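Residue-level listing of the chains:
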Amino acid sequence: MSVIDTGCMKLIDISRKLENISKEPGDLSPRMRLAHSMDRGESYNLTELTMCVHNGTHVDAPLHFIRDGRDVAHCPPEVFVGDCLVRAFADTLSADDIYALPENCRRLLIKGDVTVSEEAASAIVDRGIIMVGIERNAIGVPGDPVPVHVTLLGAQVGVLEGLDLTDAPEGEAFLMAQPLLLAGCEGAPCRALLMVNTGAQE
């Protein structure tokens, strides 16, 4: 993770490097191959990359769990760019936790190793939160992630997974996490950045 301090603002990279990721069972591990190399006497370097679109820090589109749902290229870009709230919770996120959030919370980044319960997912939809991001590779109950995904993605809530919020302070921030424009795909990797007003932090 990198942090750039500009004085009144701090830019925090909350993405995970592909080579350092853990992954869900069945997901393809990222592989890089140097197809052309200046060290081999060629005039340029060129790397081939093979990966699952859910490797590392990535966005889930509705198509991931919703038949005929939106692919990632048709997800509104403003869902993943804008004001957000970074908040740490206990091990399992409850509906009460969601209803206790400030009324203006539209994008929520969940700090820590937290399970999002089905009740919390329903509360997220009810509260009108348009995006939720987590540090885990998959949102929902470990071993049974489908119900939470279906609740959130079925309501067009943006899902951002595989974040690294270690250096992200709790509180308000500005999120920039645009996925790659992959037409027909149910997800896409992204570079997630958080802009924090250091003068506003306690």
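Here goes a summary of the coordinates provided. Remember, predicted model here, so these are calculated numbers, not experimental data.

1. Some remarks on the nonpolar core
The nonpolar side chains of soluble globular proteins are, as a tendency, buried together.
Right, on to step 1. Ranked by internal contacts, the top residues of the largest apolar core, which has 25 residues, are Ile14, Leu109, Met131, Leu160, Leu175 and Leu194.
Right, on to step 2. Taken together, the elements giving at least two residues each to this core come down to β6 (81–88), β12 (171–176) and β14 (193–197).
Right, on to step 3. Setting aside chain neighbours within four positions, we find Met131 in contact with Val79, Phe80, Arg106, Arg107, Leu108, Leu109, Val157, Gly158, Leu160 and Leu175.
Right, on to step 4. Phe89, Ile98, Ala120 and Leu153 belong to the second-largest nonpolar core, a separate cluster that totals 24 residues.

2. What to know about the side chain of His54
Right, on to step 1. Along the polypeptide, His54 turns up in the loop between β4 (46–50) and β5 (58–60).
Right, on to step 2. In this structure the side chain of His54 is engaged in a polar contact, spanning 3.0 Å, whose partner is the side chain of Asp60.
Right, on to step 3. Once you skip the residues sitting within four places of it in the chain, His54 turns out to touch Asp27, Asp60, His64, Glu186 and Gly187.

3. Some details on the pairing of strand β10 (residues 131–134)
Right, on to step 1. Here β10 shows a buried face lined by Met131 and Gly133 and a second buried face lined by Val132 and Ile134.
Right, on to step 2. Relative to strand β11 (residues 158–161), β10 runs parallel, the two being bridged by 3 bridges. Paired with Met131 across the two strands is Gly158, which belongs to β11.
Right, on to step 3. Considered for its hand, the β-α-β crossover made up of β10, helix α3 (residues 146–154) and β11 is right-handed.

What counts, and at which threshold
Residues numbered from 1 in each chain as written. Predicted model: local features only at pLDDT ≥ 70, side-chain atom pairs only at ≥ 80, totals over all residues. Heavy atoms only, no water. Core = buried A, V, L, I, M, F, W, Y, C linked by side-chain atoms within 4.5 Å. Buried < 20%, exposed > 50% of the residue type's maximum accessible area, 1.4 Å probe, protein only. Helix = DSSP H or I, 4+ residues; strand = E, 2+ residues; numbered from the N terminus. Contact = heavy atoms within 4.5 Å. Polar contact = N/O pair within 3.5 Å; in protein donor to acceptor, adjacent residues only side chain to side chain. Pairing = 2+ DSSP bridges. Right-handed = clockwise from strand over helix to strand, strands pointing away.

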